[in-house]
Amino acid sequence: MIVYGVCKSCHNHLSLNVLAGTRAELSKQIGVSISKKCDRCGVTTTFSINQLKAKLSKRIRHAVLEVAIVGVVVLFSSYYFLTDITYMALIIAFYTPLALGYVWHTRRNFKLIDTFNRSKA
């Protein structure tokens, strides 16, 4: 999860390096407000806790996409190149927990983001 504010000048997303699941936790870490200088236009913007938002990290989005692509490739290759059903079952049994772990982790992040964006300090 990435916590960010929007630059008032150029509307660039300014990411903050914080670890908080709610706005209350964030206010304990940084106080009532935080200032951040925009890398694009150079304007310093001060954000209150309630002006900050959360979004999904690009790393998590890429990981979910990679798991889906690898899963499809593994299933198609096991179907076309392996004639023994035992090997296909082993591949599916190995891959399924990995894919379910990624799905669980992603759903958990979506819930954290939703909770953060709905809460008020």
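Residues numbered from 1 in each chain as written. Predicted model: local features only at pLDDT ≥ 70, side-chain atom pairs only at ≥ 80, totals over all residues. Heavy atoms only, no water.

Enquirer: Any details on the sheet that holds strand 2 (residues 13-16)? Residues and values, ideally.
Expert: With antiparallel pairing, 3 strands are arranged side by side in an open sheet as 2-1-5. Each having just a single partner strand, strand 2 and strand 5 (53-55) make up the two edges of the open sheet. Taken over all neighbouring pairs, the strand axes of this sheet differ in orientation by 45 degrees on average, direction set aside. Contacts between helix 3 (residues 85-118) and the sheet are confined to strand 1 (2-6) and strand 5, with strand 5 contributing the most and set at about 165 degrees to the helix. (Pairing = 2+ DSSP bridges. Helix = DSSP H or I, 4+ residues; strand = E, 2+ residues; numbered from the N terminus. Axes fitted to C-alpha atoms, helices over the stretch in contact; angles between N-to-C directions. Contact = heavy atoms within 4.5 Å.)

Enquirer: Break down the packing of helix 2 (residues 58-81) against helix 3 for me, with residues and values.
Expert: Closest axis-to-axis distance for the helix 2/helix 3 pair is 10 Å, and the angle between their directions is 165 degrees. Considering their axes alone, helix 2 and helix 3 lie roughly antiparallel with respect to each other. Handedness of the helix 2/helix 3 crossing: left-handed. Together, Ile60, Ala63, Val64, Val67, Ala68, Val70, Gly71, Val74, Leu75, Ser78 and Tyr79 of helix 2 and Met88, Ile91, Ile92, Tyr95, Ala99, Tyr102, His105, Thr106 and Asn109 of helix 3 make up the contact between the two elements. Its residues placed into classes, the contact of helix 2 with helix 3 shows 15 nonpolar, 5 polar and no charged. (Parallel < 35°, antiparallel > 145°, perpendicular 65-115°, else oblique. Left-handed = near helix turned anticlockwise from the far one by under 90°. Nonpolar A, V, L, I, M, F, W, Y, C, P; charged D, E, K, R; others polar.)

Enquirer: Break down the packing of aromatic side chains for me, citing the residues and quoting the values.
Expert: For the structure on display, the rule yields 0 aromatic pairs. Geometry around Phe116 places Arg23 over its ring, the cationic atom sitting 4.7 Å from the centre. Across the ring face of Tyr4, the terminal group of Lys55 is positioned such that the distance to the ring centre comes to 5.0 Å. (Phe/Tyr/Trp six-rings, centres within 6.5 Å; stacked < 30°, edge-to-face > 60°. Lys NZ or Arg CZ within 6 Å of the ring centre and 35° of its normal.)

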